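One letter stands for each residue in the lines below.
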Amino acid sequence: MEFMQFRPGESGYETELAGFNRIVSHRPAAIAAVRSVAEVRAAVRYAAERGMPVAVQSTGHGPAGAVGADTLLLSVRRLRGVHVDPAARTARVAAGTRWQEVVDAAAPHGLAPLCGSSPLVGVVGYTLGGGLGPLARTYGYAADQVTAVELVTADGRLREVTAEREPELFWALRGGGKSGFGVVTALTFRLPPVARLYGGGLRFAGADAAAVLAAWRRVTAAAPEELTTSVALLRVPGERGLTVHVRVAVAAESGLEALGERLVRPLREAAPAFADTVRRRPYRTVAEIHEDPVEPMPYHERGILLREFGAAAEAALLASAGPGAECADWAVELRHLGGAAGRPPAMPSAVGSRAGAFTLTTLTAPGTDSGVPSALGEWSTGGRYVNFLAGPGTERLAPQAYDAGTYARLRAVKGTYDPENVFRHGHAVPPAGTGVAAGADRAANAGAGQPGSGGHAGTGGTAPPGSAGSSPAAPPGAGGPPGVRPAASGGPRVPAQGAAAESGGAAPAGSGGPGDARTASATPAVSGITAPTGSAGVAGLVTPAGPGPAAAAGSPGSAAGPALDAAAPAATPARLPRRVS
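So, a few notes on the structure that sits alongside this text. (Residues numbered from 1 in each chain as written. Predicted model: local features only at pLDDT ≥ 70, side-chain atom pairs only at ≥ 80, totals over all residues. Heavy atoms only, no water.)

Right, let's get into the overall build of the protein chain. Along the backbone of the protein chain there are 12 helices and 18 strands. Put simply, the protein chain has 581 residues, and 65% of those count as buried. (Helix = DSSP H or I, 4+ residues; strand = E, 2+ residues; numbered from the N terminus. Buried < 20%, exposed > 50% of the residue type's maximum accessible area, 1.4 Å probe, protein only.)

So this is what it looks like as structure tokens:
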């Protein structure tokens, strides 16, 4: 079985490496640009035969350390496609699919995936890390909706993982899937019946931060599960200074607009908003709530979980990140948890952030730290949310995303399915019994009481063997402030809100991922799975038309649609890449 491969110095290598978050510079020995499940299996076996670690990339929103010259990098962005079963209310998606593709496919049926705030984030990596989206308090984590996972493990075997078939692996993949159990080639998950919601954003001047935060705190204290909300303190060089961005999403079976207006009224009355996009809207415009950026940029993302956000915590946040504070963070974000996100699902999963009442996430320039988590450390649970970790050193913080029992159980599963630690990059856990856990455990214990430790390369613990550790400097031209895009409301340009866009990609998703600058020849849609059309349905956003998944053959079936496992027509890069058989 052949697969397309790019090596250093060959045309297409650099383009294939380019991910959304440019904070790391991957330099793998080779890139396997896979277009079918059969090619994924062939690439994994190829690496195993040569003793090479394997990393996986899709969109590249949540890289950790850089991938080095000993590693084979699997680029799964060509494995894209969506099949929606309206009767079963499920979707089955291929590994490289982005959220807007699923939103658009589900919308005609009055169904809604539990996507993230950014439509460009990959479905698989986001879901494997838990998936905390705009409707989290109403419907829980995206991982809670998963019913089946198709996974290629380190032995090259394709497994269909469900609650009945390999239940321990099924538990681990949902919320702990970034631990490095293999390459996820497809996911099947339930779609809640949501056609419309009441939501959008309110933007206030930084001078009104105290009044807005106080109102937001009171709203969250009494919020019903129909309301999911977040607030971000944003700073973009060259813009109007500090901006306060409140995001709301209300989902209800009846009385939607009346309920939404009642819940949002205290926020609107807190201070005059210079931009207000909150309204009754079709779910397919859910990306307009957060208005995340669409241009790649380098950023460091770190966060902690808070057990509460009372008046004292509010004062600490204003002192460290409010008007007049010496704060250079591009974004400081609070997300309200609880509700369905705080309850264990009917089918237990490895999601490790249910105990928190809020997430506190910071977005900073490469090479800089944030003092905000330390300022609010008094209210920290000692935990973190793995999807809100990105940049060199954050691999050492990953153990803090789980309690001790969950982390030990994840290591045991890792020891069963990847005992040689082939999938060791990103936010992977070490396999049980390898003797490499001590460093990771020390990092977890050291960081639990030090939420502001920041995840720098030298902070506590030891990365798993073969991990890249600290990364090289960001690529040339990657420095400076994050990219911006015009706000739909006509307000100021929106800063890069990496704290609001969860890490996407395929397992282990934290290792970064290529963008879509290079286009290969299109491949036919899989039977039962619709390939993306290139139209995203979000104002100002177009998802590049990528090659579709390959025709199905020889892989396990699924009630939601056939599996992907056949060769596709050859791509046509600028220069014929090396092919491996």
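Counting 49 residues, the largest nonpolar core has Leu187, Phe189 and Tyr283 as its most contacted members. Of all the elements in the fold, those that place two or more residues in this core are strand E5 (82–85), strand E6 (90–94), helix H3 (99–106), helix H4 (123–128), strand E7 (146–152), helix H6 (167–176), strand E9 (183–190) and helix H11 (404–417). Among the nonpolar cores identified, the runner-up in size contains 42 residues, and Val246, Val250, Leu256 and Val372 belong to it. (Core = buried A, V, L, I, M, F, W, Y, C linked by side-chain atoms within 4.5 Å.)

This paragraph deals with helix H8 (residues 256–270). In this model, H8 (15 residues) spans 22 Å end to end at C-alpha, consistent with the 21 Å of a helix rising 1.5 Å per residue. Its axis deflected by about 40 degrees at Val264, H8 carries its strongest bend there, up to four residues before the proline Pro266. Burial in H8 covers these residues: Leu256, Leu259, Gly260, Leu263, Val264 and Leu267. Those residues of H8 that are buried lie in contact with strand E10 (196–205), helix H7 (209–221), strand E11 (227–234), strand E12 (243–250) and strand E14 (279–282). (Expected span 1.5 Å × (residues − 1). Bend = angle between axes of the 7 residues up to and from the residue. Contact = heavy atoms within 4.5 Å.)

The next subject is the environment of Leu158. Looking at the secondary structure, you find Leu158 in strand E8 (residues 158–161). Each C-alpha atom of the pair Leu158 and Thr185 lies 9.0 Å from the other, and the pair is 27 residues apart in sequence.

This part covers the pattern of salt bridges. Under the defined criterion, the tally for this structure stands at 25 salt bridges. With a closest N to O distance of 2.5 Å, Glu39 and Arg35 form a salt bridge. Each member of the pair, Glu39 together with Arg35, is buried. Between Arg217 and Glu314 there is a salt bridge, and its shortest N-O distance comes to 2.5 Å. Of this pair, Arg217 sits in helix H7 while Glu314 sits in helix H9 (residues 311–321), placing them 97 residues apart in sequence. Through salt bridges with shared partners, a single ionic network connects Glu16, Arg77 and Arg78. (Salt bridge = Lys/Arg side-chain N within 4 Å of Asp/Glu carboxyl O.)

One can describe the packing of H7 onto H9 by two numbers: an axis separation of 11 Å at closest approach and a directional angle of 150 degrees. What the angle tells us is that H7 and H9 run roughly antiparallel. Of the two elements, H7 crosses H9, and the hand of that crossing is right-handed. Contact residues: Ala209, Ala210, Leu213, Ala214 and Arg217 in H7; Ala311, Glu314, Leu317 and Leu318 in H9. Residues of the contact of H7 with H9, tallied by class, amount to seven nonpolar, no polar and two charged. (Axes fitted to C-alpha atoms, helices over the stretch in contact; angles between N-to-C directions. Parallel < 35°, antiparallel > 145°, perpendicular 65-115°, else oblique. Left-handed = near helix turned anticlockwise from the far one by under 90°. Nonpolar A, V, L, I, M, F, W, Y, C, P; charged D, E, K, R; others polar.)

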